[in-house]
Amino acid sequence: DAKTTQPPSMDCAEGRAANLPCNHSTISGNEYVYWYRQIHSQGPQYIIHGLKNNETNEMASLIITEDRKSSTLILPHATLRDTAVYYCIVRVVTGNQFYFGTGTSLTVIP
Amino acid sequence: DAGVIQSPRHEVTEMGQEVTLRCKPISGHNSLFWYRQTMMRGLELLIYFNNNVPIDDSGMPEDRFSAKMPNASFSTLKIQPSEPRDSAVYFCASTQVDTQYFGPGTRLTVL
């Protein structure tokens, strides 16, 4: 039960910003939004997470709408190495279950 | 920090053989997770431990699968006997507070 909806695939030109959307219309007040990515043949890699405020780290920015029913992961300057499957997950922070769903396959084009 | 360590990275075995996958979590992490990933089913949680105690094994497919965590720095996932449908990539992950960190995975092929 992934509880999130993401487009199956997206393309982005190298050097441009990649904006990956996620719908989580049934999110509860105590559930965080997490983003992971999985580069081919590697383990999933943590990117960022947030509750209601926008978040930024060295990898990406996370924009969460005011009603928290959707969010966008922004990779500000996509590189070829950002080609991966990106998973949006909602999770109670004290819980231990991560449901990964099918994610968005992002291809960065030279 | 070496991250989560898994071994072997690749395993090829014949149907009916016993397979043991190994995981060393990140030091100080108190939760450990075993996942399986296939093209058909995606990433599935098999079992997880808190403080070395199994908490939820509802994802373990059947009795052929078993997992142990004898101490805070080591866990095993055993399949006995193995079947071709067990072919998948098996990931181990450990958690500090609220973020899971994954190992590189073990690619298992059962012929």
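Above this text is the structure in question.
The notes below deal with the structure included here. Position labels on residues start from 1 in each chain and follow its written sequence. Key to labels: chains lettered from A, ligands numbered from 1, both in the order written. Selection of residues for local features in this predicted model requires a pLDDT of at least 70, selection of side-chain atom pairs for listing and counting requires 80 or more, and totals for whole chains, interfaces and linings are taken over all residues. The basis for the side-chain values is all heavy atoms of the structure; hydrogens and waters are excluded.

What follows concerns unusual backbone geometry. Residue and element names in this part refer to chain B. Of the consecutive residues Ser-7 and Pro-8, the connecting peptide bond is found in the cis state with omega at -10 degrees. Only DSSP runs of H or I covering at least 4 residues are called helices, and only runs of E covering at least 2 are called strands; the numbering of each starts at the N terminus. Position of Pro-8 relative to the elements: it lies in the loop between strand S1 (5-7) and strand S2 (10-13). Cis geometry marks the peptide bond from Gln-80 to Pro-81, where omega comes out at -5 degrees. Relative to the elements of secondary structure, Pro-81 occurs in the loop between strand S8 (74-79) and strand S9 (88-96). Although it is not a glycine, Asn-52 adopts a positive phi angle of roughly 75 degrees. Position of Asn-52 among the secondary structure elements: in the loop between strand S5 (42-50) and strand S6 (53-56).

All names here are of chain B. Three labels apply to residues, based on accessible area from a 1.4 Å probe with only protein chains included: buried if under 20% of the type maximum, exposed if over 50%, partly exposed otherwise in between. Counting buried positions over the 9 residues of S9 gives 8, a clear majority of the element. Pairing between strand S4 (residues 31-38) and S9: 7 bridges, direction antiparallel. Across the sheet, residue Arg-36 finds its bridge partner in S9, namely Tyr-90. Across 3 bridges, S9 lies against strand S11 (residues 106-110) in antiparallel orientation. Considered in S11, the bridge of Ala-88 is made with Leu-108. Pairing between strands requires that DSSP locate at least two bridges from one strand to the other. As paired strands, S9 and strand S10 (residues 99-102) are joined by 4 bridges and run antiparallel to one another. Bridge pairing links Thr-95 to Gln-100 in S10. Between S9 and S10, which pair antiparallel in sequence order, lie 2 residues; one of them, Val-97, sits at a positive phi of approximately 65 degrees.

A common way to state how big an interface is: give the accessible area lost once the parts meet. Only heavy atoms matter for contacts: two residues are in contact if any of them lie within 4.5 Å across the pair. Each partner contributes to the interface: chain A provides 16 residues, whereas chain B provides 18 residues. Across the interface of chain A and chain B, roughly 1,300 Å² is buried in total on both sides, 48% from carbon and sulfur atoms. Breaking the side of chain A that touches chain B down by element, the ones donating at least two residues are strand S3 (31-38), strand S4 (45-50) and strand S8 (84-92) of chain A. Considering each element in turn, the side of chain A that touches chain B owes the most residues, 3 residues, to S3(A). Note: buried area is the sum, over both parts, of the accessible area (probe 1.4 Å) each one loses when the two are combined.

In this description, the term disulfide denotes a pair of cysteine sulfurs within 2.5 Å. Counted under the stated rule, the structure contains 2 disulfides over all chains. Each sulfur of the disulfide joining A:Cys22 and A:Cys88 lies 2.1 Å from the other. Across the S-S bond of A:Cys22 and A:Cys88 the torsion is about -85 degrees, and the bridge reads as left-handed. Highlighted residues: A:Cys22 in strand S2 (residues 18-23) and A:Cys88 in strand S8, separated in sequence by 66 residues. Note on accessibility: A:Cys22 and A:Cys88 belong to one class, buried. Two residues, B:Cys23 and B:Cys92, share a disulfide whose sulfurs are 1.9 Å apart. Around the S-S axis, the bridge from B:Cys23 to B:Cys92 shows a dihedral of about -70 degrees and counts as left-handed.

Moving on, we come to the side chain of B:Glu44. All names here are of chain B. Mapped onto the elements of the fold, Glu-44 is located in strand S5. We define a polar contact as two N or O atoms separated by no more than 3.5 Å, with the added condition that, inside protein, one atom must be a possible hydrogen donor and the other a possible acceptor, whereas residues neighbouring each other in sequence contribute only through side-chain atom pairs. Side-chain polar atoms of Glu-44 contact the side chain of Arg-41, separated by 2.7 Å. Those residues in contact with Glu-44 that lie beyond four places of it in its chain are Trp-34, Tyr-35 and Arg-36.

Any two of the Phe, Tyr and Trp rings considered here, Trp counted by its six-membered ring, make a pair once their centres fall within 6.5 Å; the pair's planes then place it as stacked at under 30 degrees, edge-to-face at over 60, or tilted in between. Scanning the model with the defined rule gives 11 aromatic pairs over all chains in all. Ring geometry for A:Phe100 and B:Phe102: centres 5.7 Å apart, planes at 90 degrees, overall edge-to-face. Placement of the pair is A:Phe100 in the loop between S8 and strand S9 (104-109) and B:Phe102 in strand S10, with the two residues belonging to separate chains. For the pair formed by A:Phe100 and B:Phe102, the shared burial category is buried.

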